[in-house]
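One letter stands for each residue in the lines below.
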Amino acid sequence: MSWIPIAMLAVPLLGAAVLLLPRFAGRVPRGYGLAVSGVTLALAVAMAAVFDYGDTARMQFQTDVPWIPGLDLRFHLGVDGISLPLVVLTALLTFLCFVHLAGRPQSRPRALAFTLLVLETGMIGTFLALDLLLFFVFFEVVLVPMYFVIAVWGGPERRAAAVKFILYTLLGSAVLLLGLLVVWSQAGTLDMVALARGNGIARSTQILAFLAIGAGLAVKAPMWPLHTWLPDAHTEAPTVGSVLLAGVLLKMGTYGFARIAIPILPEGAATVAPWLGAFAVIGIIYGSLACLAQRDLKRMIAYSSVGHMGFVLLGFATLTPVGVNAALFGNVAHGLITGLLFFVAGAVKDRYGTADMARLGGGMLGRLPYIGSLLTFACVASLGLPGLAGFWGEMLALFGAFRPAAELSRPLFLTFMVIGGIGTVLTAAYFLLMLSRVTHGRPARDRGPAVDVTAYELAAWMPLVLLTLLFGLWPKALLAITTPAVQAILPGVGS
Amino acid sequence: MIVLAVLAILLPFVGAAAGLLGSRVPRSRTPARTARRRAAWFAVLPVAISAVAAVWLAARQAITGDHGAADTVAGTLAEIETGSVPISVGLQVGELSALIGVLVTVVALAVQVYSVGYMRDDPRYPSYSAFISLFTSAMLLVVYAGDLIVLYVGWEIMGLCSYLLIGHWWEDRANSRAAVKAFLVTRLGDVGFLFGIFTLGLSAGSFRIDDVLAADIPTSTLIAATMLLLAGVAGKSAQVPLHTWLPDAMAGPTPISALIHAATMVAAGIFVVARLYPVFLAAQPTLDVLGVIAAVGMLGAALSALAQDDLKRVLAYSTISQLAFMAAALAAGSDHAAIFHLVTHGAFKALLFLCAGVVIHYVGSNLMSHMGGLRTSLPVTFWAMTIGFAALAGLPPASGFFSKDAVIAAIEHSRSPAQLFLYGCALVTVGVTGAYSARAWLRTFFGSRRPVPPSDADDHGHGRAQHEERGRPAVPRSMLWPVVLLAVPALLLGFAGVREFDAESAAISVVIALLGAGVVYSLWRGSPAQDPARMLGPFRVPCERAFYLDTVYDRLVARPVLRLARGVVRTDDRVVDGAVRGSGRAAVGLSGLLRLAQNGNAQLYVTGVLAGVLLIAVGVVVLA
C-alpha cells in the first residue's frame, strides 16, 4: 500500500469536487487550478525521485485493494519504467496548461478548471491502473471532459468535431472492452501483472483478443485509417485541449500496446505485427503527404501526429526491445514537442486571428521574432533532428525494423524501414516548407505591431524546450528507465 | 588529453548558447551595438581556444606519431543501452581527426573574425555568429567522434546550421527556398547514410568505429553498407546526383560559403570515407561507383563553372569539382592524396571565398559582369586571390599544385576498372579548371570597370545600397587580416607533401592547366569587354544551367510529390473520412427506417403479429 499513487488521483479529483461548492460559483480564485495541478506535479516529481531506478522492471508504489469483490475487481495501481515517464509527462503538461490559462483566461474559468482536473485524474489513472477494467474505466473517464473542452471552448465548428470525437472513440472503446472481456473469460483474472507473467490463452483466442484490443487502442493512437477524428478535434479544440489531446490522450492508445496488448497476448502480437507495421508505415507516408498539402497550421500539426504515431506503432510492431524502447521514447518526445507546437500555434492564432497559412502571410521572424524562433525550434525538433528528443524515437524505431523479432519476416520489415526513412524526408519537407511560408519573407505591411511572447507563455513553454533538449542530448535519461522494463515484457526475445 | 577534444567541442557550443541567449540581455536596456560587440566576443573567443586545443592535439599526434596506433587519444563518457546494439558516447582523436580538427577550427576562427567586419551592419549578427559557433561544435563532433551514431548526430546538426545560415537573409524568398532545398537534398542522402550505419553497427555488434573497423563482416554486407553510406556522402559533399543544392546555397552570406560550403562541411563526406577507409577498401564495387560519380561530377561541374556569371557560383561549382577530385583519389585507393587535397582545398577555397566576399562587399554585386579592373583598388585582395586561383588551377608553387599532383598520380597508378575513364576526365578537368580560374581572375581584376546598374545593387537587402550612395566602402581591417592569414597556408601548405611529389604527372597537369588558361587569355585578349565563356558556343547555355538537372528533379520529384500530397488530402476527405461520415449517416438513416414501424398505430402492430404467425406456420408446414 503506497499513498503516492492514490494521492495523485485524489488531489485533482478532490480539487475538482471542491470547485462544485456553491461558494465558488462565478468567482474561482485565480491560481486555484495552478495550485492543484502543481501539487499533483510535485507528487509526480516526488514519485520519480523516490522511484528505485535499479529495478525499473518491477512494479513499484503498488496499491492493491478489493474494489468490487463480487466480480473480483481490484483497485490495483502501480508504476514501473514504462509508465513512470508518462505519469510525469501528464502531470507536467496539465500544470503547464494551467500556467497558460493563467496568462490567458478563458470564459467560464470554474467549469474549465473543473473539466481539466477531472481529465487529469482520468489520464493519470490510465497510466497507473494495473487492473484491466480499472484501466478501461479511467480510459473512458477521459473522454467526457475532453468532449466538453472541445464542445464548449472550441472554435466555430466545435460541436461537430466534439461529437465526431466522442462517437468515434467510444466505438473504439466498445471494441476494446470486448477484447478485455475475452481475456478475462479465458484467463480468469483481470490483474495485468499476473496476466503478463503467463496466462495460457490459446493462440487463436489471443489473435482475436489482440485484434479487438488493438483496434480499440488504434483509434486512440490514432492509426491510419482510423485517424479522421483527430484533425477535426485538434483544429477546433482550444490550445489547452490540443496540447492535452496530442500530448497525453494519444499516448493512452500506444501505452495500451506496451502494457496490455503485447505482454498479455504475445502470440497474438506476433501474428498481427506485420499488419500493424504495414498500417504504421502507411500512416507515416500518408500523414506526411497530408501535411504537405495542408493550409491550416493546427490541422497540419494534427496530421503530423498521425505520422509520428506511425513511428511509435512501427516500433511496437517490431516486437524487439529496441523497437518498444523507441516507441516509449517516441511517446514522450512527441508529447513534449507536439505539446510545444500546439502551444506556439495557439499563440500564433491568438495574435493573427487565424491559423490559415495563406492568411498568416510571411515574415513572422520579423514581426514576432521570439515566437517565430520558438516555432522554428519546435518544428526542427519535430522533424527528428539529432540532438533533440524527436530523433531517438524515430531512429530506434527504424533500427528495430532493421532486425525485427525472429518470428517476423525480415524482408517485409526492411521494406517498412525504407518507407519509414522516406517518411522522415517528407516530414522534414512539410515542416520546412511551412516555416518557409510562415516565418520567412517580409511581413505584410498592413498589420499593426503585435505583442511578442509573454512571461506566462515563456513559463509554460520553457520546460518543454528544456526537456526536449535534455532528452535529445542525453537519451540515456529515458532509455535507462525503459530498457529493463521493456526487456521484462518481452521475455524470450534476445537483444 | 581527451579533455582537450571535449573542450574543443563544448566551447563553441557554449559560445553559441551564450550568443543566442545572452547577447541581448536585458532585452530592453541593451543597445544593438553592445549586443553586437558582446556576440562578437562570444563568437571569437571560444573558437580561438578550440583552435589552440585542436593544434595542441595535432602537435601531440605529430610528436608521438611514430609509435603506431598507440598515439590515439580516446575516451568514452557513457554507454547508452538501446535494447539492442548500445551507443557509446565517446570521442577518439587519431592522426586524421587531429589534422581535420585543425583545419576546421582555423578556418572557423578566420571566418568568425572576418564576419565581425562583413556583417557590421546586420541587425541579426548575434544569431548569425551563434549558428557559426554551433556549426563549429557539430563539425568537431563529427571529426572527433568515436562512435557512428555520435558522428551522425554531429552530421545532422551541421546540416541544420547550414540550413539556418543559408536562410540568414530570410526576407528574400529565394534564400529561403535555397535553404530548404539544401536541407532536404542532404537529408535524402542522410537516410541512406543512417541505414548504412545500421548495417555496419548490427554486423559488428557495436557502433564504435574501432569495433566496426576490426569486425569480420562478409563482403556482400560491406558492399551494401558502403553503398548506403555513399548516399550520405554524395549528399553532404555535393556529389552527383545530389549536388544541386550547393550552387543555390551561395544565397547565404559569403563567409558562410567559405566556411560551410567550401572548406569544412562539404568536405565531411570525404572525411567520413577516409575515416572508414578499411571498410571501403574491402568493398571494391563501391569504390568503382564512387570513381564514376567523381569522374562525371568533376568534369560536369568544371564546365558549369566556366559558364557562370555569378562569382560565387563559379566558386561553388569549382568546389563540387574539387570535391570530386578528392573522391576520385579515394576511389583510386589513396586516402592520403584525398586528405592532402582536402586540407589544401580547405585553405585556398576559404581564401577565395573570403576574397570574393571583399570584392562583393566593395562592388555591391555578385556578378562578374559588374566587376573588372579591381586590381588597383583592392591590391591586397588581388594578390591573395591570385594565390587562391593559382592553387585552384594547380600552378606551382601554390598548395593546390602539390595536392592535385598527388591525386592525379594516385589515379594514374590505380588498378580500378574505371581507372582509364577517371584519368581521362581528371586531365580534361584540370584543363577546364585552368580555363575557368583564368576567366574569373581576368574578369574580376583586369580590364575596365563595368558599372552596376542601380536595380541590381543590393540584391540581398542588407544595406549595400547605402554603400553605393556614400561611394566605395572602405574594406574593414577585420576582413583583410583573415585573408592575409589564409593566404599563407594556401601558398605554402603544399610543401608539406613534397616528399611524395611525382614530377612526371605534375608536368603533364601543369601543361594542361596552362593550356586551358592560355585559351581563355587569348580570347580575353582579343576583346577584354566580352566574356571568354563564349568559346563554349552552343553548349554555353546548358553549362550555365548545369545541364538542366534542377528542372529534371523538379519535374520528376518535387511536382509529383506535391500532386500526390493534394491527392492524399482529397482521398482523406472523401474516402477515409467519407466512410466515417457515411456510416454515421447510414446509422441515422437506418434508425429512420426503424422508426417508420414505431408509428403508434395499433392496427399495424396487430397486422404485423398476424403476418408473423402466418409466416411461422407456413414455415413449419413446409419444412416439416
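### Structural notes on the interface of chain B and chain A
Residue-level contacts link 37 residues of chain B with 40 residues of chain A. Contributing elements (two or more residues each) for the side of chain B that touches chain A: β1 (73-80), α5 (148-166), α6 (173-204) and α23 (549-597) of chain B. Tallying contributions element by element places α6(B) first for the side of chain B that touches chain A, with 13 residues. A per-class count over the side of chain B that touches chain A returns 23 nonpolar, 5 polar and 9 charged.

### What to know about helix α20 (residues 455-473) of chain A
All names here are of chain A. Under the 1.5 Å per step criterion, the end-to-end length of α20 is 26 Å for 19 residues, consistent within 8% with the ideal 27 Å. Turning to α20, its buried residues are Glu457, Ala460, Trp461, Leu464, Leu467, Thr468, Phe471 and Gly472. Contacts from the buried residues of α20 go to α3 (84-103), α14 (321-352), α17 (369-382), α18 (389-402) and α21 (476-489).

### Re the packing of helix α4 (residues 109-128) of chain A against helix α11 (residues 239-264) of chain A
Packed helix pairs are characterised by how far apart their axes lie and by the angle those axes make with each other. Residue and element names in this part refer to chain A. One can describe the packing of α4 onto α11 by two numbers: an axis separation of 10 Å at closest approach and a directional angle of 20°. Considering the angle they form, α4 stands roughly parallel to α11. The element α4 and its partner α11 pack so that their crossing is left-handed. For the pair α4 and α11, contact is made by Leu116, Leu119, Met123, Thr126 and Phe127 and by Val240, Leu244, Val248, Met252 and Tyr255, respectively.

### Section: the environment of Ala215(B)
Relative to the elements of secondary structure, Ala215(B) occurs in the loop between α7 (209-214) and α8 (219-236). Residues Ala215(B) and Ser203(B), 12 residues apart in the sequence, show an inter-C-alpha distance of 8.0 Å.

### Section: unusual backbone geometry
All names here are of chain A. Geometrically, the link from Ala221 to Pro222 is a cis peptide bond, its omega value of -10° lying close to zero. Inspection of the secondary structure assignment puts Pro222 in the loop between α9 (203-220) and α10 (229-236). A cis amide bond, omega 5°, links Trp224 with the succeeding residue Pro225. Here Pro225 shows up in the loop between α9 and α10. Its identity as a non-glycine residue notwithstanding, Arg108 has a phi of 50°, on the positive side. Secondary-structure assignment places Arg108 in the loop between α3 and α4.

### What to know about the nonpolar core
Residues and elements named next belong to chain B. Ranked by internal contacts, the top residues of the largest apolar core, which has 426 residues, are Ala328, Ala350 and Leu351. The element that contributes the greatest number of residues to this core is helix α15 (residues 335-363), accounting for 19 residues. Structurally, this core is a two-domain feature, drawing no fewer than three residues from each of domain 1 (1-146) and domain 2 (254-453 + 476-544). When near neighbours in sequence (up to four residues on either side) are disregarded, Ala328 contacts Gly291, Ala294, Ala295, Met298, Val407, Ile411, Leu422 and Ala426.

### Structural notes on the pairing of strand β1 (residues 60-68) of chain A
One ladder, built from 6 bridges, connects β1(A) with strand β2 (residues 73-79) of chain A; its direction is antiparallel. Residue pairing across strands places Pro66(A) opposite Arg74(A), the latter belonging to β2(A).

### Some details on the packing of α14(A) against α17(A)
Residues and elements named next belong to chain A. Axis separation between α14 and α17 bottoms out at 9 Å; the angle between their running directions is 150°. Considering their axes alone, α14 and α17 lie roughly antiparallel with respect to each other. Remark: the crossing between α14 and α17 carries left-handed chirality. On α17, the residues touching Ile337, Thr338, Leu340, Leu341, Val344, Ala347 and Val348 of α14 are Ile371, Leu374, Leu375, Ala378, Ala381 and Ser382.

### A closer look at the confidence of the model for chain A
If pLDDT is low for a region, its predicted coordinates should not be looked at in detail. Here chain A averages 90 in pLDDT, while 98% of its residues score no lower than 70. Between the elements of chain A, mean pLDDT differs from a low of 85, seen in helix α15 (residues 357-360) of chain A, to a high of 94, seen in helix α19 (residues 410-438) of chain A.

Scoring rules and cut-offs
- Residues numbered from 1 in each chain as written.
- Chains lettered and ligands numbered in written order.
- Predicted model: local features only at pLDDT ≥ 70, side-chain atom pairs only at ≥ 80, totals over all residues.
- Contact = placed C-beta atoms within 7 Å.
- Helix = DSSP H or I, 4+ residues; strand = E, 2+ residues; numbered from the N terminus.
- Nonpolar A, V, L, I, M, F, W, Y, C, P; charged D, E, K, R; others polar.
- Expected span 1.5 Å × (residues − 1).
- Buried ≥ 20, exposed ≤ 12 C-beta atoms within 10 Å, placed from the backbone.
- Axes fitted to C-alpha atoms, helices over the stretch in contact; angles between N-to-C directions.
- Parallel < 35°, antiparallel > 145°, perpendicular 65-115°, else oblique.
- Left-handed = near helix turned anticlockwise from the far one by under 90°.
- Core = buried A, V, L, I, M, F, W, Y, C linked by C-beta atoms within 7 Å.
- Domains from an automatic or database assignment.
- Pairing = 2+ DSSP bridges.
- pLDDT = per-residue confidence, 0-100.

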